[in-house]
Amino acid sequence: SDTAVVPLTEFKDAEAGFSIALPKFYFKSSRGKKLGTLFVAGNLQTAQIISVQRLSVEKLLADVGVVPTGDLSSWPSIGSAAKVAELLAFVRDGDAKQQSG
């Protein structure tokens, strides 16, 4: 097999409420602890970047024209995995447009 095994290291931020496994050679930068971007990591040589964000579910739904009602305590209660991914991609794409525009 041509697939190379990439050694990973775990980054935990208990206060911000996440942990993530990253390639050991990624740069790491912690940010805020409440809403928005909490953490950014990546490989600047290949422009591979990953971020961890905390979003308000109510705002996320309202931004796409959905009135937030009912049980919003977990992603499955909000919708299918495909629908949740679509919502998150919408936020990501909107953030990218704001930063470039």
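Since the structure is predicted, the reported quantities are computational estimates derived from the model, not experimental observations. (Residues numbered from 1 in each chain as written. Predicted model: local features only at pLDDT ≥ 70, side-chain atom pairs only at ≥ 80, totals over all residues. Heavy atoms only, no water.)

1. Here's the deal with the pairing of strand β1 (residues 8-13)
Next, step 1: Pairing analysis gives six bridges linking β1 to strand β2 (residues 18-23), with the strands arranged antiparallel. Directly across from Phe-11, in β2, lies its bridge partner Ile-20.
Next, step 2: Between β1 and β2, which pair antiparallel in sequence order, lie four residues; one of them, Gly-17, sits at a positive phi of approximately 85°. (Pairing = 2+ DSSP bridges. Helix = DSSP H or I, 4+ residues; strand = E, 2+ residues; numbered from the N terminus.)

2. With respect to the packing of aromatic side chains
Next, step 1: The final tally for this structure, using the stated rule, is four aromatic pairs.
Next, step 2: Residues Phe-11 and Phe-39 carry aromatic rings whose centres are separated by 4.3 Å and whose planes lie at 20° to one another, so their mutual orientation is stacked. You can see Phe-11 sitting in strand β1 and its partner Phe-39 sitting in strand β4 (residues 36-43), a full 28 residues away along the chain. Of the two residues, Phe-11 and Phe-39, neither departs from the other in class, the shared state being buried.
Next, step 3: Through pairs of rings, three or more aromatic residues link up here, namely Phe-11, Phe-18 and Phe-39. (Phe/Tyr/Trp six-rings, centres within 6.5 Å; stacked < 30°, edge-to-face > 60°. Buried < 20%, exposed > 50% of the residue type's maximum accessible area, 1.4 Å probe, protein only.)

3. A short note on the pattern of salt bridges
Next, step 1: Inspection of the entire model under this criterion finds two salt bridges.
Next, step 2: One salt bridge connects Lys-59 with Asp-63, and the closest N-O pair in it is separated by 2.9 Å. With Lys-59 and Asp-63 both in helix α1 (residues 57-63) and four residues apart, the pair spans about one turn of that helix.
Next, step 3: Salt-bridge contacts for Glu-86 lead to Lys-83; the nearest nitrogen and oxygen are separated by 3.4 Å. Of the two residues, Glu-86 and Lys-83 both sit in helix α3 (residues 81-100), three residues apart, roughly one turn of that helix.
Next, step 4: What makes Lys-83 partly exposed here is its relative accessible area of 44%. (Salt bridge = Lys/Arg side-chain N within 4 Å of Asp/Glu carboxyl O.)

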